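Take a look at the letters that make up each chain.
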Amino acid sequence: MEEEKKAERRDAAAATVAVVFTFVRDCRRAAATPGRRRQRLETIDVNDEAMSDGGPRLTVTKCRALAVILFFVGCVMAVGLSVYFLARPHYPTANSCSTAPSKRQPLSQSFLGAGALSQLVQNVTRLPRTVLPRHYDVRLLPILEKGNFTVLGRVSIDVQCLQSTDRIVLHSSDIKVDLKSVQVIERGANKTLSIERIDYETVAEFLVIRLNVGQQQGKVNLTKGSNYTVSMNFVANLTETSAGFFRSVYMEDGVERYMAVSQMEPTDARRVFPCFDEPNMKAIFTVTLGRHRDMMALSNMPLINTTQIDGMDDFYWDHFAPSLLMSTYLVAFAVANFTKIEADVAHGKWKFNIYVRTSAISQAQYAKVIGPKTQAFYEDYFQVPFPLPKQDLMAIPSAFVGAMENWGLLTFGESVLLYDEDVSSLDDRQTVVELVTHELAHQWFGNLVTMDWWTELWLKEGFTSYVECLGADFVDPSLERLQQFVTSGLQAVMRLDALESSHPISVLVNHPDEIGELFDDISYKKGAAITRMLASFIGDKSFRDGLTNYLRIHQYGNAVQDDLWNAFDKQAKVDQVFLPTKVETIMDAWTAKMGFPVITVQRDYKNRNISVTQKRFLIRKSNSSTADTTVYLWWVPLTYTTDFQTIGSTWLADNQTSKNLTLEFEVEDNQWIIFNVDETGYYRVNYDAHNWKLIGQQLMTNHTAISVINRAQIMNDALNLARAGLLDYETPLNLTEYLEREEEFLPWESTLTALSYLNSMMQRTPGYGLLKNYVMKILMPLYNSLGFVHKSTDSHLTGKLRRKVVERCCFMGHKDCVTKAIESYSQWMADPGNTTIVPSVLKGVVACTAIRHGGELEWNFAFKRFRQSNVASEKATLLSSLTCTQESWILARLLEMCLNPAVGFRTQDALDVIKTLAENPIGRFMTFNFVRDKWTEMTKIFNSIHSLAHVFESVTKSFNTDMELKELSDFVGKNKELLVNAMTRSTQQSIDRVRSNVSWMRLNYRQVVNWLQQNNPATSQ
């Protein structure tokens, strides 16, 4: 019934917009070119519903129809004006009349026929290149009215025919096209072409306009080299989810408000207007947006003028300047009641604005400072000016998550753009810098030069994820973002890339579901890691100049990765950089193959020789891996040192499994050697037992003799090599003893992340107490040194280190830590308005600890604060803390609230709650059972495959028993349609993780417990 009502509303809306736009268009054309009106005296067929089955038709000319339309529009305006004064703001309704497809233009379900459907899915998911767009004229009026969230639209596309054809194929999804409004006009000749029929293919999301074939056999209507204009009216959905043109609902001054904003990437422009929705079909876009007088409209380009919408006193059209050549996924629209903040651009030749809710103005000041500073930095770094006259950043409340690089109109979730120094944490500030620098880098990488197809998504996301670190270190050096990338980027993605079910950076994709799965850490973080490696071995100058040449050559166009490699090759030759082979040959091995190598260094101490071997690193190798015929060998840039003063280098080729090295300097028998200096290479390193021992001795006597990054690398490599069975656990666990002397963030971050795996595996075992005691033993010196209270003199990384240490100590029940957290929370409960009681950097730890050790009272306080907070980052912190409770009944209620937005959480918050609850020792079982029982309902509410994949991963990643593996397999088997067909890769990765966990418990648990028993006398706290 609900679907029928939606269909009726959309049909009616299509008719309404057809009348409005056709009337305005024809009147303007008639006034401007009377001759053209005479040439186009086609007839309008008005179907009589009672006589539709073969009955007579009333046929009138447009001249006479004009009088009828004038009378009809007058009636509609009269009714509309009356209703307007009863409800403000009032939008045109979409239920004034209905439009049915005519018999001459049927809207079929498949233009290929039922038998060809499977072949279509496999082979016909790309648009034919017979016709390409050159210019779009897009006119949209979003209806922000409860019960009628739709978009009335019209699109006119100038196209060029590259190959003779009898049809125009473009994308359309979830759009109701007014079939009678569809026109194809040959430009120049001013000839309207006859349309045979219009078909729609649901699976491929194709809208096919078939033209009548001419009288002569073989003759077609569209001829090579000719230009045409295809236009149509339509109604689209203003959805709840952040896909296409969607609505965001938020509270401002106690009033519920609506806004409309777009998110087109990767394939959702087709949900907003019919278009050629592929990245290499660039065009110019001229946008017109309708809005109420109390709102503002934004798009990629500046506003040039505003006109009143005919017959609607309080509604206006905002007309924007034509864009530069760009892809459909970068087109952006927004209609909202926001406040504009103008930033100081110094010597910039562009304007820089930030748009926020009025009550959030004070939170935009940090972004106001770093935004234009970042853009100016990139102009200088790339040596290519920002080509648009303005840059807008917009903070979207409610539904939006993350950020999007729309050219000239960047959109952000509030939590990643807004920052309140009194409430937001250090991590929140870093997140703002990361997202702003990332999206602004896209203005060159992705927007100015765009990947040819989604197969090379990493070409924009990987490079941008590296370049953002350069931008961040420029605008806020205290973050030391490039240094942090080692743990947050490189080491993080290695955990995923060590699975057999990982995927190469470059993956052939066609269907939108396949494209969506590429937006993962492999494209972003692995892409950034190999970019960082490339910059290291060709040098910063060649890297920077190569990028500049690449951008200048391919600006406003599309490129493939070979274009980038060629630019670096040419620059390396100019700069006389020695490389063993072409950049393309080196880098293709890293993009075409999944995984990465472990380099094993074996020293012959008697003869002072060193041999190195490479082999793919896998956390767990299954029997099925023998079916993979890929040769997993890479071009590996090896660097090594014995003192971090002199650094040697050499290469392993992609046809070498091993190699004997002639070192550039002598190494004594009692002297350690470390490979992968500052971990610039994307590989792990294993050593012979004696070299590991020498490294350990150095760490225990003077750990600062080894660089901070390599200390982090050593700990991460050793613990993961042991996890994979390539190193006895005794070695990495012995190395951890030096940490009692370590005071730097990076080694601790790396070690605690690796140890968290042991924590998740052992948390429900008898040996967990031993692990807790040992971790507390190595943490205590640092906890006592740093203290619980944040100091104003702390560096950014010191503040992050304190939070990490306090978080781990409180989680493991350290009495002093728990007591101080509970006391701080109690004081906050007594004085909720005092933001100084709990330092923002520790708010999450304090709230989580108090709720974990408290009851309903503590939970209710956090939930109330979550509802009342006006700062998105604080809301996110409190939301996570709500999942810390140990009360089973509260956890059960929390899960139920996730499926009931009216009393619980918005959709994205609910997803975060479910994922975080899975990390709660008590909540993990409840969460999996909940997801299993409510899966069908969840797929309807959370209709994002990408989001569901993350939920699936989170609720299963700590499974480590045969019974849990069976439950997971059974669940997958019963839900193959989504888990196997649409989420194939992420589902297989989850299963691989669980199998690896089961194997780890069988092979390593007892070994770890034995070491802990020998090295871990019970400690009192």
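Each remark here, short or long, concerns the structure printed above.
A brief structural summary.

Conventions adopted
Residues take numbers from 1 onward in each chain, read along the sequence in its written order. With pLDDT at 70 or above as the cut-off, local features in this predicted model cover only qualifying residues; side-chain atom pairs require 80 or more to be listed or tallied, and sums for whole chains, interfaces and linings still use all residues. Based on all heavy atoms of the structure, the side-chain values leave hydrogens and waters out of the count. A run of H or I in DSSP counts as a helix once it spans at least four residues, and a run of E counts as a strand once it spans at least two, with each numbered from the N terminus. What makes two residues a contact is simply this: any of their non-hydrogen atoms within 4.5 Å. Methods summary: accessible areas were calculated by the Shrake-Rupley approach with a probe of 1.4 Å, and residue burial reflects only the protein chains presented. A pair of strands is considered paired only if DSSP assigns at least 2 bridges between the two. In this analysis, axes come from line fits to C-alpha atoms, helices being fitted only over the stretch in contact, and the angle between any two N-to-C directions falls in the range 0 to 180 degrees. Take the number of residues in a helix, subtract one, and multiply by 1.5 Å to get its expected span. Think of it in three bands: residues with accessible area under 20% of the maximum for their type are buried, residues over 50% are exposed, and the middle band is partly exposed, with areas taken using a 1.4 Å probe on protein chains only. Whenever a carboxyl oxygen of Asp or Glu lies within 4 Å of a side-chain nitrogen of Lys or Arg, that contact is scored as a salt bridge. The term bend refers to the angle at a residue between two fitted axes, each drawn through seven residues, those ending there and those starting there. Each crossing gets its handedness from the near helix: less than a right angle anticlockwise from the far helix is left-handed, clockwise is right-handed. Throughout, the ten residues Ala, Val, Leu, Ile, Met, Phe, Trp, Tyr, Cys and Pro are labelled nonpolar, Asp, Glu, Lys and Arg are labelled charged, and all others, Gly among them, are labelled polar. The nonpolar core is taken to be a set of buried Ala, Val, Leu, Ile, Met, Phe, Trp, Tyr and Cys residues, with the residues joined through side-chain atoms within 4.5 Å. Aromatic pairs are defined between Phe, Tyr and Trp rings, using the six-membered ring for Trp, whenever the two ring centres lie within 6.5 Å; interplanar angles under 30 degrees are classed as stacked, those over 60 as edge-to-face, and all others as tilted. Cation placement over rings: the criterion is NZ of Lys or CZ of Arg within 6 Å of the ring centroid and within 35° of the ring normal. Cysteine sulfur atoms that come within 2.5 Å of each other are treated as a disulfide pair. Polar contacts, as counted here, are pairs of nitrogen or oxygen atoms within 3.5 Å of one another; within protein the pair requires one atom able to donate a hydrogen and one able to accept it, and residues that are adjacent in sequence qualify only if both atoms are side-chain atoms. An angle below 35 degrees is read as roughly parallel, one above 145 as roughly antiparallel, one from 65 to 115 as roughly perpendicular, and any other as oblique.

**Here's the deal with the overall build of the protein**
Working step 1: From N to C terminus, the protein includes 32 helices and 32 strands.
Working step 2: Pairs at least 24 apart in sequence give 73% of the contacts found in the protein among residues at least 6 apart.
Working step 3: Total accessible area on the protein is roughly 40,800 Å²; 51% of this is exposed by carbon and sulfur atoms.

**Considerations on the sheet that holds strand S12 (residues 244-252)**
Working step 1: Strand order in the open sheet made by the four strands is S12-S13-S18-S15, with antiparallel pairing throughout. Edge positions in the open sheet fall to S12 and strand S15 (296-299), since each of these has one partner strand only. The average undirected angle you get between the axes of adjacent strands in this sheet is 15°.
Working step 2: Direction of pairing for strand S13 (residues 255-263) relative to strand S18 (residues 333-336): antiparallel, over a ladder of two bridges.

**What to know about helix H13 (residues 561-574)**
Since there are 3.6 residues in each turn of an α-helix, residues three or four apart along the chain are aligned in direction.
Working step 1: Over its 14 residues, H13 extends 20 Å from the first C-alpha to the last, a length consistent with the 20 Å expected when each residue adds 1.5 Å.
Working step 2: Listed as buried for H13 are Gln-561, Leu-564, Trp-565, Ala-567, Phe-568, Asp-569, Gln-571 and Ala-572.
Working step 3: In this structure, the buried side of H13 is in contact with helix H8 (458-475), helix H11 (521-538), helix H12 (540-554) and helix H14 (583-592).
Working step 4: Backbone geometry just after H13 places Gln-576 at a positive phi near 55°.

**Topic: the pattern of salt bridges**
Working step 1: Under the definition given, this model contains 51 salt bridges.
Working step 2: A salt bridge links Lys-541 to Asp-545; the shortest N-O distance between them is 2.9 Å. One end of the pair is Lys-541 and the other is Asp-545, both in helix H12 and four residues apart, which spans about a single turn.
Working step 3: Classification of Asp-545 by relative accessible area gives partly exposed; the value is 25%.
Working step 4: In this structure, a network of salt bridges that share partners links the residues Glu-196, Arg-197, Asp-199 and Arg-210.

**A short note on the pairing of strand S4 (residues 131-143)**
Working step 1: Among the 13 residues in S4, 10 count as buried, and that is most of the element.
Working step 2: Across 12 bridges, the pairing between S4 and strand S5 (residues 150-161) is antiparallel. Residue pairing in the sheet places Ile-143 in a bridge with Thr-150 of S5.
Working step 3: In sequence, S4 turns back onto S5 through a hairpin of six residues, with Gly-147 there showing a positive phi of about 85°.
Working step 4: Of the pairings in the sheet, the one linking S4 to strand S14 (residues 284-292) comprises six bridges and is parallel in character. Residue pairing across strands places His-135 opposite Ile-284, the latter belonging to S14.

**Focus on H8**
Working step 1: When the terminal C-alpha atoms of H8 are compared, their 25 Å separation across 18 residues agrees well with the 26 Å that a helix rising 1.5 Å per residue should span.
Working step 2: Largest kink in H8: about 25°, centred on Ser-465.
Working step 3: Counting buried positions along H8 yields 16 of 18 residues, so the element is predominantly enclosed.

**Structural notes on the packing of helix H25 (residues 888-897) against helix H27 (residues 923-941)**
Working step 1: The geometry of H25 relative to H27 is characterised by a closest axis approach of 11 Å and an angle of 35° between their N-to-C directions. Viewed along their axes, H25 and H27 form a crossing whose handedness is right-handed. Within the contact between the two elements, H25 uses Ser-888, Leu-891, Ala-892, Leu-895 and Glu-896 and H27 uses Gly-923, Met-926, Thr-927, Phe-930 and Lys-934.
Working step 2: Looking at the contact of H25 with H27 residue by residue, the class counts come to five nonpolar, three polar and two charged.

**Notes on the nonpolar core**
Working step 1: Counting residues in hydrophobic clusters, the biggest one holds 310 residues, and the most contacted among them are Phe-273, Phe-333 and Phe-905.
Working step 2: Ranked by the residues each element gives to this core, the list is headed by helix H19 (residues 768-786), at 11 residues.
Working step 3: In this structure Phe-273 touches Tyr-136, Val-138, Val-155, His-171, Ile-175, Phe-234, Met-264, Phe-285 and Phe-333, once residues within four positions along its chain are discounted.

**Some points on the packing of aromatic side chains**
Working step 1: Scanning all chains against the criterion turns up 55 aromatic pairs.
Working step 2: Judged by centre distance (5.6 Å) and plane angle (85°), the rings of Trp-935 and Phe-971 are edge-to-face. You can see Trp-935 sitting in helix H27 and its partner Phe-971 sitting in helix H29 (residues 962-974), a full 36 residues away along the chain.
Working step 3: With a relative accessible area of 3%, Trp-935 lands in the buried category.
Working step 4: A cation over a ring is seen here: Lys-373 above Phe-474, with NZ or CZ 5.7 Å from the ring centre.

**A few points about the state of the cysteines**
Put plainly, a disulfide is one covalent bond tying together the sulfur atoms of two cysteines.
Working step 1: Within this structure, the stated rule accounts for two disulfides.
Working step 2: Between Cys-810 and Cys-817 runs a disulfide, and the two sulfur atoms are separated by 1.9 Å. Here the disulfide of Cys-810 and Cys-817 is left-handed, its torsion about the S-S bond being about -95°.
Working step 3: Paired through a disulfide, Cys-848 and Cys-884 show a sulfur-sulfur distance of 2.0 Å. Between Cys-848 and Cys-884, the disulfide has an S-S torsion of -100° and is therefore left-handed. Pair noted here: Cys-848 is in helix H22 (residues 843-852) and Cys-884 is in the loop between helix H24 (872-882) and H25, with a separation of 36 residues, a long-range link.

**Things to note about the environment of Ala-336**
Working step 1: Secondary-structure assignment places Ala-336 in strand S18.
Working step 2: In this structure the C-alpha to C-alpha distance between Ala-336 and Arg-247, which are 89 residues apart in sequence, comes to 9.9 Å.
Working step 3: Discounting residues that sit within four places of it in the chain, Ala-336 has contacts with Met-259, Met-295, Met-296 and Met-394.

**Focus: the sheet that holds strand S17 (residues 315-320)**
Working step 1: Strand order in the open sheet made by the eight strands is S8-S7-S11-S5-S4-S14-S17-S16, with mixed pairing throughout. If you trace the sheet from one side to the other, it starts and ends with strand S8 (191-192) and strand S16 (303-308), each paired once.

**Overview of the side chain of Arg-154**
Working step 1: Within the secondary structure layout, Arg-154 lies in strand S5.
Working step 2: In this structure the side chain of Arg-154 is engaged in a polar contact, spanning 3.3 Å, whose partner is the side chain of Ser-231.
Working step 3: In this structure the side chain of Arg-154 is engaged in a polar contact, spanning 2.8 Å, whose partner is the side chain of Asn-233.

**Concerning the packing of H13 against H14**
Angle between the axes and distance between the axes: these two values describe a pair of packed helices.
Working step 1: For the pair H13 and H14, interaxial distance at closest approach is 9 Å and the crossing angle is 140°. With respect to each other, H13 and H14 are oriented oblique. At the point where H13 passes H14, the crossing takes the right-handed sense. Each of Gln-561, Asp-562, Trp-565, Asn-566, Phe-568 and Asp-569 in H13 lies in contact with H14, whose residues at this interface are Val-583, Glu-584, Met-587, Asp-588 and Thr-591.

**Digging into the environment of Val-509**
Working step 1: Secondary-structure assignment places Val-509 in the loop between helix H9 (481-497) and helix H10 (512-517).
Working step 2: A relative accessible area of 2% means that Val-509 is categorised as buried.
Working step 3: Between the alpha carbons of Val-509 and Trp-453 there is a distance of 8.8 Å; along the sequence they are 56 residues apart.
Working step 4: Apart from the residues lying within four places of it in its own chain, the contact partners of Val-509 are Trp-453, Trp-454, Thr-455, Glu-514, Ile-515 and Leu-518.

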